[in-house]
Amino acid sequence: MAECHPVGFQWVMEAKLRGAKVIHIDPRFTRTSAMADMHVPLRAGSDIAFLGGIINYILEHEKYFRDYVVSYTNAATVISEQFQDTDDLDGLFSGYDPETATYDTSTWTYAGHEGEGHGSVDGGEHEVSERDRGAGHELGNRGANLADPLVQRDETLQHPRCVLQVLKRHYARYTPQLVEEVCGVSEAQFLQVCEDVTANSGRDRTTAWVYSVGWTQHTVGTQYIRGAAIIQLLLGNMGRPGGGILALRGHASIQGSTDIPTLFNLLPGYLPMPKAGIHDSFQDYLGAISSPGQKGFWTKADTYVTSFFKAWWGEAATAENDWGFEWMPRINGDHGTYQTVMDMLDDKVEGYFLLGQNPAVGSAQGRMQRLGMSHLKWLVVRDLNMIESASFWKDAPEIATGELSTEDIETEVFFFPAASHVEKEGTFTQTQRMLQWRHKAVEPPGDARSELHFFFHLGRMLRERLAGSALERDQGLLHLTWDYPTSGPHEDPSGDAVLREINGYHLTGDKAGQLLDGFADMKADGSTSGGCWIYSGVYAGGVNRAANRVPWTEQGSWIAPDWGWAWPMNRRVLYNRASADPDGRPWSERKALVWWDEDAGRWTGHDVPDFPLTKAPSYRPQEGTSGPEGLAGDDPFIMQADGKGWLYAPAGLADGPMPAHYEPHESPVRNPLYNQQANPTRKVYRRKDNPSHPSVLEQGHQVFPYVFTTYRLTEHHTAGGMSRWLPNLSELQPEFFCEVSPELARERDLQHLGYATIVTARTAIEARVLVTDRVVPLRLGDQVVHQIGLPYHWGVGGDAVVSGDSANDLFELSLDPNVLIQECKAATCDIVPGRRPTGPALLRFVEDYTTRAGITIETGNTLLTPPPEGRP
Amino acid sequence: MSNSFFGPLPDPAADAGWGGEDRQPRKGFFTDTSICIGCKACEVACKEWNAVPADGMNFLGSSYDNSGALGASTWRHVKFIEQPKTLGTQDAGIAGTAVGPPASDVLNRAADSALTGDRSSLGTSNTVDLGMPLTTLPGQADGAQRTEFRWLMESDVCKHCTHAGCLDVCPTGSLFRTEFGTVVVQDDICNGCGYCVPACPFGVIDRRVGEKGVTKNEGIAQKCTLCYDRLGEGLTPACAQACPTQSIQFGDLDELRERAAARVEALHERGVPEARLYGEDPHDGVGGTGAFFLLLDEPEVYGLPPDPIVTTRDLPRMWRTAGLAALAMLAGAVAAFGTGR
Amino acid sequence: MSLRSVFLGWPVLRQLTGEDPLGRGAAAQSARTAALEPRTKTADRVVQSVCPYCAVGCGQRVYVKDEKVVQIEGDPDSPVSRGRLCPKGSASEQLVNNPKRQTKVLYRRPRGTEWEELGLEQAMDMVATRVLDTRARTWQDTDEHGLPLRRTMAMASLGGATLDNEENYLIKKLFTALGAVQIENQARI
């Protein structure tokens with residue numbers, strides 16, 4: 001956090017000054033570790049074993065916050081007797097289909113729910129289909145559907161199939177000894193972490209977990225976060241001040257770009273992109289989003305969807321045409337960025353827009369990225385600087401190796417200079433879901449324009465060209481609301497007008513033309529609009545609340561609600577009903593956040609209550625009541641189908657209702673927990689140009705004996721597009737380097753300040769050597785594992801102030817099955833002293849490795865680990 | 001004019017003629033290295049505000065430091081020290097791992113040579129190899145398995161000495177003492193003579209190397225001004241304003257000294273007995289510094305002189321000696337004149 | 001300025017007549033030094049903004065003089081950042097004013113070896129042509145079962161996550177209406 005979010009880290013330092021204990025769990029000793037009370041170096045890719053170990057400790061020593069767990073989580077819920085756990089099936093959950101490498105998740109459900117389709121994200125969909133469209137992504141602000149909120153509960157937590165007992169059994173093998181064996185963390189240190197975390201949780205204290213892409217970029221990334229969620233729910237740390245699981249996002253508005261997504265599988269507000277075969281009619285679409293019988297606010301999805309379509313198609317959206325649903329394109333598989341790159345290589349893609357993104361350096365499998373672009377007919381790059389993705393046709397590493405030649409590349413490339421953040425108005429959504437409005441300071445220089453300008457005018461031109469077209473395919477575009485007011489010398493469209501559209505309007509009645517005050521105003525009858533329901537309220541009362549800037553010193557509230565605006569409805573802590581006990585009183589004065597005011601008959605407190613305002617703690621719905629009315633007064637998790645925090649996820653995940661430790665796709669370590677080596681549902685691409693290393697069960701894995709991981713440095717930003725062109729940043733970290741322990745340096749004869757070549761089956765890259773005590777070799781039983789650290793900011797090109805080989809070129813592509821994110825935080829490699837070969841010799845050098853390791857397209861891609869007797 | 005050149009001097013600004021309405025409390029920096037996260041925001045914020053040019057893309061291998069040292073184009077410099085020692089009650093997580101002897105000593109020697117060497121010889125292009133790799137591989141040195149580790153960071157800066165050698169030797173009046181008690185180079189007056197460079201006991205001030213007519217203030221002596229222009233408007237210097245953790249604190253020197261003393265005490269109570277202040281003592285060889293530090297080890301570890309002495313300490317005596325000599329010479333000349341007739 | 005005042009302004013006279021006989025302070029101050037003002041004070045306006053690097057969302061104050069950004073520093077009013085910035089945030093002014101920044105539209109023709117300059121309007125026009133051409137040739141009305149697809153799979157987009165919400169909204173809106181579905185961003189990565 002000190003490395004990549006230094007200013008956010010001021011709050012950690014402040015907490016530390018007040019006595020908070022800071023524990024840093026990371027393969028390397030970083031600038032964060034330097035400030036921590038404890039650094040826990042663990043093996044990259046072993047976190048679920050670590051988190052599972054903590055869960056086991058909590059359960060075994062009865063350290064959980066019982067009152068919280070019983071009332072607010074599904075600990076008491078009894079699950080189906082058809083469910084079989086990893087201990088029964090040696091690393092698999094029940095329902096695995098080796099043909100499709102997916103789970104039939106119907107056996108994971110709650111007792112009594114067995115007959116209700118698959119219990120999937122969107123009920124009734126096949127799991128292959130769910131994985132391929134990354135359906136887990138829709139759960140960005142909620143839990144999965146349940147057809148029926150009624151569940152069987154045993155609040156004594158003794159029923160052998162109640163969730164708490166299932167958890168207990170599942171994690172019983174995650175002992176401190178096992179953690180040591182998997183993670184390389186000593187028992188003593190691990191137990192210290194367990195004691196610290198549990199001692200600092202309860203009525204009076206809360207513990208927060210903070211993560212970044214070190215947790216997400218794995219084939220089991222989603223389950224990492226689930227691991228932390230289980231700990232936090234058991235310890236009563238969710239919905240409370242100082243608690244939670246905090247994603248520290250690395251880009252100014254990456255939260256915003258999932259809320260208002262440019263993602264193939266989502267529409268604004270985590271609505272699904274319609275999928276052929278399951279969302280064929282509007283009713284199918286609505287029905288798949290939420291089940292009518294379930295609890296909570298997702299039952300109002302029809303109002304969000306209708307308002308969304310009204311925002312896009314205005315008066316052309318009518319009840320008769322299902323509000324324009326018929327104009328929506330449909331997805332029918334994995335159309336994620338990696339699949340698209342492979343489609344480029346297979347000449348299925350003609351045109352590509354890169355908007356402030358540098359995949360030639362920043363995406364895994366850099367070689368595929370660049371070769372893919374060379375297959376395009378046309379490429380549009382919009383950026384501040386001449387990034388490597390724009391100039392690949394003349395300076396890509398593949399030109400040096402002879403794989404590409406400038407004169408043979410047919411791709412037409414358009415480079416458009418972009419406007420910087422001060423040259424346009426608009427909102428970023430920061431990492432805590434807070435929107436902040438940026439005022440425009442100056443006009444952009446020369447031909448530089450904002451994306452808003454580019455896309456508005458491109459849309460205008462396209463609509464003008466198609467005007468009058470009777471073709472059915474053009475009607476959606478022609479009916480689109482696209483009349484944003486423009487101003488200034490460049491006819492810039494108004495960002496403010498777009499934000500208003502996102503917020504939504506009353507379209508009819510007394511309030512026609514007025515902005516909505518929030519998503520509760522939305523209607524399913526076409527009388528309201530709103531481009532992103534969770535952002536509705538940002539313009540409540542006709543005021544741009546994202547532009548609120550009351551100085552924190554003048555707010556009189558430590559929540560500082562009058563700076564920016566957080567979705568939903570300016571709540572700063574989600575599910576904050578859980579900060580009060582079942583009777584509505586704060587768990588402790590010290591940790592008071594919101595509470596029930598009996599006299600006023602409403603919820604009140606420091607934060608905006610995340611609960612129906614006048615629903616008393618004692619309220620109990622009549623059986624069969626659904627929607628928000630179906631929530632009991634002590635159901636704090638209002639976006640969950642049963643109002644409870646899910647220790648066990650009966651639906652919604654592609655790879656298991658509870659996290660189980662699997663080794664990374666590439667790992668030098670045999671999974672000590674189960675026969676199943678790696679995530680059996682991970683998405684792999686069996687292609688000659690995407691070779692994987694042999695797993696430890698295959699011959700030849702010794703060719704790549706080391707673990708490597710990638711990360712960022714304080715001084716640079718991602719693929720360098722906004723830092724490697726700046727002398728003031730470049731001089732602080734001018735060269736690509738690898739961090740190795742003195743022990744590995746000795747083993748491989750690596751010279752400090754010299755060069756090393758890091759090799760995978762994909763390519764070999766060179767880096768300056770930084771030998772440091774900050775990296776330690778880990779002992780896993782009899783095995784010693786060396787880890788190599790690689791910052792990924794550099795790329796090969798001709799225009800930046802500093803350049804160098806790109807660490808992302810080393811990775812193959814294998815993905816998490818829930819959200820289709822690649823594994824690039826743990827892989828294997830070899831390292832040798834000296835500079836890498838250049839020109840075609842580089843290809844021969846790498847080929848020698850792949851030959852020695854005996855790599856084919858099947859290598860490493862066996863998803864279901866064969867039983868021991870079946871192995872060759 | 002007592003202690004104008006050496007010894008405690010409560011108000012160096014008053015000693016330099018700032019009185020009446022111009023009078024200001026002495027300003028300074030307290031840099032608390034125990035909370036420095038090594039982010040280098042200070043280096044960048046300083047360069048941005050003062051339009052200090054980038055001065056070389058050199059990979060130094062000195063932990064995460066690639067700036068090397070303070071100089072004409074590095075007015076804030078963050079030093080990184082990797083040590084086989086324990087920081088207070090910190091658990092660095094080494095126990096149980098498969099470690100050998102530490103690399104830190106070898107690395108620190110590499111860092112030292114990068115620091116003490118002639119920076120211009122480091123080259124300016126990142127394609128230039130920065131010299132011979134070390135002959136001793138880190139980790140090959142004799143020694144037991146390492147058991148301790150800590151990573152220290154410190155943002156160094158001009159000390160704004162009570163007795164500033166650079167100022168005292170400046171023949172042009174370019175270096176002057178401001179009403180805030182700080183020491184500032186006036187670019188429009190400096191002629192680049194360079195007398196100030198060896199006069200600084202800390203090796204801070206330097207003449208800017210660059211391309212004539214291209215590099216701003218090429219050949220001119222440059223160093224931290226404590227953002228003199230900002231101070232005039234009551235603003236915080238750029239580095240202190242940016243510092244994410246308030247490792248760099250700006251304010252009235254008297255108040256900073258009190259704060260620092262309390263911080264040292266707090267650290268001692270928390271099991272960091274090695275915390276100590278550097279530069280805050282008015283009785284030291286430079287009369288105390290306006291920018292002082294809380295360190296977690298000996299000053300030498302941070303590349304700071306343990307006992308800095310203003311190079312002009314003996315100036316009054318030398319002046320007296322020189323004066324006597326001049327008088328004697330004058331007398332001799334007169335005598336010669338008399339006898340020559 | 002009278003001759004007398006010029007004369008009395010000479011450092012040596014100030015040194016001999018003032019409180020700074022050693023000439024190390026007030027007497028040595030040059031007129032330019034005395035007139036120094038921070039450029040945040042002389043700016044025409046200051047605009048509140050947000051740092052474009054990571055997602056902490058630090059407040060920035062952007063100082064503008066003669067329609068040029070002259071300084072960007074932390075906004076002390078922000079409850080998120082309290083006026084502080086990291087090295088990247090502190091370099092924001094250089095990000096905006098960097099001489100290396102591209103300000104012209106450039107075009108590389110098929111098999112071309114160099115960039116060529118192109119007018120903005122013309123370039124956008126050419127892109128519009130390619131979008132419509134690709135879309136028309138690769139349009140998919142239905143899948144093999146006759147289920148509606150209404151899309152093209154021959155056009156894709158990958159965005160950074162430093163784009164505004166409003167920009168992402170228009171990007172998604174336009175591409176979706178065009179039938180392009182492979183619209184992705186950094187959040188997948």
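Conventions adopted
Residues numbered from 1 in each chain as written. Chains lettered and ligands numbered in written order. Predicted model: local features only at pLDDT ≥ 70, side-chain atom pairs only at ≥ 80, totals over all residues. Helix = DSSP H or I, 4+ residues; strand = E, 2+ residues; numbered from the N terminus. Buried ≥ 20, exposed ≤ 12 C-beta atoms within 10 Å, placed from the backbone. Contact = placed C-beta atoms within 7 Å. Expected span 1.5 Å × (residues − 1). Domains from an automatic or database assignment. Nonpolar A, V, L, I, M, F, W, Y, C, P; charged D, E, K, R; others polar. Pairing = 2+ DSSP bridges. Core = buried A, V, L, I, M, F, W, Y, C linked by C-beta atoms within 7 Å. Arc of directions from axis to C-beta. Axes fitted to C-alpha atoms, helices over the stretch in contact; angles between N-to-C directions.

Asks: Before we move on, could you go through the overall build of chain B and cite the residues and values that matter?
Replies: A tally of helices and strands in chain B yields nine helices and 10 strands. Per-residue burial over chain B gives 52% buried out of 341 residues. If you take every contact in chain B between residues at least 6 apart in sequence, the share linking residues at least 24 apart comes to 71%.

Asks: So what about helix α3 (residues 47-60) of chain A? Which residues, and what values?
Replies: All names here are of chain A. Taking 1.5 Å of rise per residue, the 14 residues of α3 would be expected to cover 20 Å, and the 20 Å separating its terminal C-alpha atoms lies within 8% of that figure. With 13 of 14 residues buried, α3 is to be regarded as a mostly interior element. With its phi angle positive at about 50 degrees, E62 sits one or two positions after the end of α3.

Asks: I'd love a proper account of the domain arrangement of chain A, names of residues and values included.
Replies: Much of the literature gives interface size as the accessible area that the parts lose upon coming together. Residues and elements named next belong to chain A. Partitioning chain A into domains gives domain 1 (9-179 + 214-232) and domain 2 (683-870). A C-alpha centroid distance of 29 Å is found between domain 1 and domain 2. Listed per partner, the contact involves 22 residues of domain 1 and 27 residues of domain 2. Of all the secondary structure elements, the ones that give two or more residues to the side of domain 1 that touches domain 2 are α9 (213-216) and α10 (221-234). In terms of residue class, the side of domain 1 that touches domain 2 is built from seven nonpolar, 11 polar and four charged.

Asks: Pulling in residues and values, what's your account of the interface of chain B and chain A?
Replies: Each partner contributes to the interface: chain B provides 52 residues, whereas chain A provides 51 residues. With five residues, helix α2 (residues 41-50) of chain B is the largest single contributor of residues to the side of chain B that touches chain A. Considering only residue class, the side of chain B that touches chain A consists of 27 nonpolar, 17 polar and eight charged.

Asks: Hey, could you go over the interface of chain A and chain C for me, with residue numbers and the actual values?
Replies: Each partner contributes residues to the interface: chain A has 124 residues there, and chain C has 97 residues. Its residues assigned to classes, the side of chain A that touches chain C comprises 61 nonpolar, 45 polar and 18 charged. For strand β11 (residues 412-417) of chain A and strand β4 (residues 106-108) of chain C, the ladder comprises three bridges, and the chain directions are antiparallel. Bridging from a neighbouring strand, A:F415 pairs with C:L106 of β4(C).

Asks: Pulling in residues and values, what's your account of the nonpolar core?
Replies: Across soluble globular proteins, nonpolar side chains have a tendency to be buried as a group. With 384 residues, the main nonpolar core has A:I55, A:L167, A:L234, A:C738, A:I758, A:C829 and B:A45 as its most contacted residues. Top element by residues in this core is α3(A). It accounts for nine residues. For A:C738, the contacting residues outside a window of four places in its chain are A:A756, A:I758, A:A767, A:V769, A:L770, A:I788, A:G789 and A:L790.

Asks: Which residues make up helix α12 (residues 282-289) of chain A, and what values go with them?
Replies: In an α-helix, one turn spans 3.6 residues; hence positions three or four apart end up facing the same way. Considered for burial, the residues of α12(A) that qualify are A:F282, A:Y285, A:A288 and A:I289. Looking straight down α12(A), one finds its buried side chains confined to an arc of 135 degrees; they lie on one side.

Asks: Would you mind going over the sheet that holds strand β10 (residues 291-295) of chain B in detail, with residue names and values included?
Replies: Residues and elements named next belong to chain B. One open sheet holds the four strands; their spatial order is β8-β1-β10-β9, and the pairing between them is mixed. Of all the strands in the sheet, the pair left with one neighbour each is β8 (248-252) and β9 (276-278). On average, each strand axis in the sheet is tilted by 25 degrees relative to the strand beside it, whichever way the strands run. Pairing of strand β1 (residues 27-32) with β10 involves four bridges; the strand directions are parallel. Its bridge partner lying in β10, F30 is registered against F292.

Asks: Give me the lowdown on the pairing of strand β7 (residues 148-159) of chain C, citing residues and values where you can.
Replies: Remark: a regular strand shows side chains that alternate across the two faces of the sheet. For β7(C), the buried fraction is high: 11 of the 12 residues fall into the buried class. One ladder, built from five bridges, connects strand β9 (residues 351-355) of chain A with β7(C); its direction is parallel. What sits directly across from A:L354, in β7(C), is C:L158. Hairpin connection from strand β6 (residues 139-142) of chain C to β7(C): five residues lie between these consecutive antiparallel strands, with C:G146 at a positive phi of about 85 degrees. Where β7(C) lies against strand β8 (residues 180-185) of chain C, five bridges are found, and the strand directions are parallel. Bridge pairing in β8(C) places C:L158 opposite C:E184.

Asks: Tell me about the sheet that holds strand β3 (residues 68-74) of chain C, residues and numbers included.
Replies: Residue and element names in this part refer to chain C. If you walk across this open sheet you meet the three strands as β1-β2-β3, and the pairing is antiparallel. Because the sheet does not close on itself, it has two edges, and the strands there are β1 (45-50) and β3. Geometrically, the sheet is characterised by an average inter-axis angle of 30 degrees between neighbouring strands, direction not taken into account. In this sheet, strand β2 (residues 59-65) lies alongside β1 in antiparallel orientation, the contact comprising six bridges. When the bridges of β2 are listed, V47 appears paired with V62.

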